[in-house]
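# Coordinate analysis (summary)
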Amino acid sequence: MTSGTTPGLTRFNTSDESAALAELHEVCASSAWGQKIVAQRPFATAESLFRASDAATAELTAEDLTEAMAGHPPIGRPKPGDPTSSREQRGMAGASEELKAEMLEQNLAYQDRFGHVFLICATGASAEQMLGALKARIGNTAEQEREIVRTELGKINRIRLTRLVAAEEGDNAS
């Protein structure tokens, strides 16, 4: 992705606020994050949008992070009919039934411990890598995990924003 202006970035910059917020909600379910991004439009380059996203992600409160995580399905269970979650969790598609069952068990233990879904930037990760990360992170403190979640959310947001600004008029960026 170049850092210059793209048709998708131009479309995003010039869309009305409600349409821009709707697009941003597909990137990140935190309304505070979306409001911060929209307030900074127009963006001269994709890179300036990414920097704004990183800054907005860094400023999310615990409540904002909870809202953002609510927009993510558990690993191994992408939202039915949602091409974004299916694409991002592609690494789970070929996993054995045994691994999928272990992922479900570990996901539930994680949710019991932290009160939210296990969030990881799953793009490009294998099922084994995701399960390994889940097992490694379940022993973290709530504070450690919140900062790891913030980092992972930032990675996911950048990937999704890249798709949004690359999209041509009429393309489905999700």
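Above this text you will find the structure in question.
An account of the accompanying structure is given in this report. Starting afresh in each chain, residues are numbered from 1 along the sequence in its written order. Residues qualify for local features only when their pLDDT is at least 70, as the model is predicted, and side-chain atom pairs are given and counted only at 80 or more; totals for whole chains, interfaces and linings, by contrast, use all residues. As a rule here, side-chain values come from all non-hydrogen atoms in the structure, and water together with hydrogens is ignored.

## Let's talk about the packing of aromatic side chains
Any two of the Phe, Tyr and Trp rings considered here, Trp counted by its six-membered ring, make a pair once their centres fall within 6.5 Å; the pair's planes then place it as stacked at under 30 degrees, edge-to-face at over 60, or tilted in between. Using the criterion set out here, one finds two aromatic pairs in the structure. Where tyrosine 110 meets phenylalanine 114, the ring centres are 4.7 Å apart and the plane angle is 50°; that geometry is what we call tilted. With tyrosine 110 and phenylalanine 114 both in helix H7 (residues 97-114) and four residues apart, this pair spans about one turn of that helix. For the pair tyrosine 110 and phenylalanine 118, a centre-to-centre distance of 5.3 Å together with 80° between the ring planes defines the contact as edge-to-face. No difference in accessibility class separates tyrosine 110 from phenylalanine 118, as the two residues are buried. Connected via pairs of aromatic rings, a cluster forms that spans Tyr110, Phe114 and Phe118. For a Lys NZ or an Arg CZ to count as sitting over a ring, it must be within 6 Å of the ring centre and within 35 degrees of the ring normal. In this structure, arginine 41 packs its charged tip against the face of phenylalanine 12, placed 5.5 Å from the ring centre. Comment: elements are numbered from the N terminus, with helices defined as DSSP H or I runs of at least four residues and strands as E runs of at least two. Each residue's exposure class comes from its accessible area (1.4 Å probe, protein chains only) as a fraction of the maximum for that residue type: buried when under 20%, exposed when over 50%, partly exposed otherwise.

## Looking at unusual backbone geometry
Here arginine 41 and proline 42 are connected by a cis peptide whose omega angle stands at 0°. Topologically, proline 42 is positioned in the loop between helix H3 (31-38) and helix H4 (46-58).

## Section: helix H2 (residues 17-27)
Taken residue by residue, H2 has Ala20, Glu23, Leu24 and Val27 as its buried positions. Projected down its long axis, H2 carries its buried residues within an arc of 100°, all on one side. Facing away from the buried side of H2 by more than 90 degrees, the exposed set consists of Ser18 and Glu26. By construction, the arc corresponds to the directions joining the helix axis to the C-beta atoms.

## Considering the pattern of salt bridges
We define a salt bridge as a contact between a side-chain nitrogen of Lys or Arg and a carboxyl oxygen of Asp or Glu at a distance within 4 Å. All chains considered together, the criterion is met by nine salt bridges. Between glutamate 47 and arginine 158 there is a salt bridge, and its shortest N-O distance comes to 3.5 Å. With glutamate 47 in helix H4 and arginine 158 in helix H9 (residues 142-166), this pair connects stretches of sequence that are 111 residues apart. Ionic pairing is found between arginine 137 and glutamate 145, a salt bridge with its closest N-O pair at 2.4 Å. Via salt bridges that share partners, Glu47, Asp54 and Arg158 belong to a single interconnected network.

## Re the nonpolar core
What we call a nonpolar core is a set of buried Ala, Val, Leu, Ile, Met, Phe, Trp, Tyr and Cys residues that are connected through their side-chain atoms within 4.5 Å. In terms of nonpolar packing, the biggest core is built from 44 residues, with Phe12, Trp33, Ile37, Leu49, Ile75, Met92 and Met130 touching the most fellow members. If you list the elements that add at least two residues to this core, you get helix H1 (7-14), H2, H3, H4, helix H5 (62-69), H7, helix H8 (127-137) and H9. The element contributing the most residues to this core is H9, with six residues. By definition in these notes, contact holds between two residues if any of their heavy atoms fall within 4.5 Å. Residues contacting isoleucine 75, with those up to four places away along its chain left out, are Gln89, Met92, Met103, Asn107, Phe118, Ile120, Ala122 and Met130.

## Structural notes on the packing of H2 against H9
Contact geometry for H2 and H9: axes closest at 9 Å, N-to-C directions at 135°. What the angle tells us is that H2 and H9 run oblique. Crossing geometry of H2 relative to H9 is assigned as right-handed. Between H2, through Glu23, Leu24, Glu26 and Val27, and H9, the contact on the second element is made entirely by Asn157, Arg160, Leu161 and Leu164. In this classification, Asp, Glu, Lys and Arg are treated as charged, Ala, Val, Leu, Ile, Met, Phe, Trp, Tyr, Cys and Pro as nonpolar, and every other residue, Gly included, as polar. In terms of residue class, the contact of H2 with H9 is made up of four nonpolar, one polar and three charged. All axes are obtained by fitting lines to C-alpha atoms, using only the stretch in contact for helices, and the reported angles, taken between N-to-C directions, cover 0 to 180 degrees. Any angle between 65 and 115 degrees counts as roughly perpendicular, while under 35 counts as roughly parallel, over 145 as roughly antiparallel, and the rest as oblique. Helix crossings fall into two classes, left-handed where the near helix is turned counterclockwise from the far one by less than a right angle and right-handed where it is turned clockwise.

## So, the packing of H7 against H8
The contact between H7 and H8 brings their axes to 10 Å, and the two run at 30°. Classified by the angle between their axes, H7 and H8 sit roughly parallel to one another. Judged by the twist between their axes, the crossing of H7 over H8 is left-handed. Mapping the contact onto sequence places Leu99, Glu102, Met103, Gln106, Asn107, Tyr110 and Phe114 in H7 and Ala127, Glu128, Met130, Leu131, Leu134, Lys135 and Arg137 in H8. Grouping the constituent residues of the contact of H7 with H8 by class yields eight nonpolar, two polar and four charged.

So, to be careful, I would describe these as geometric facts and stop short of saying anything about function.
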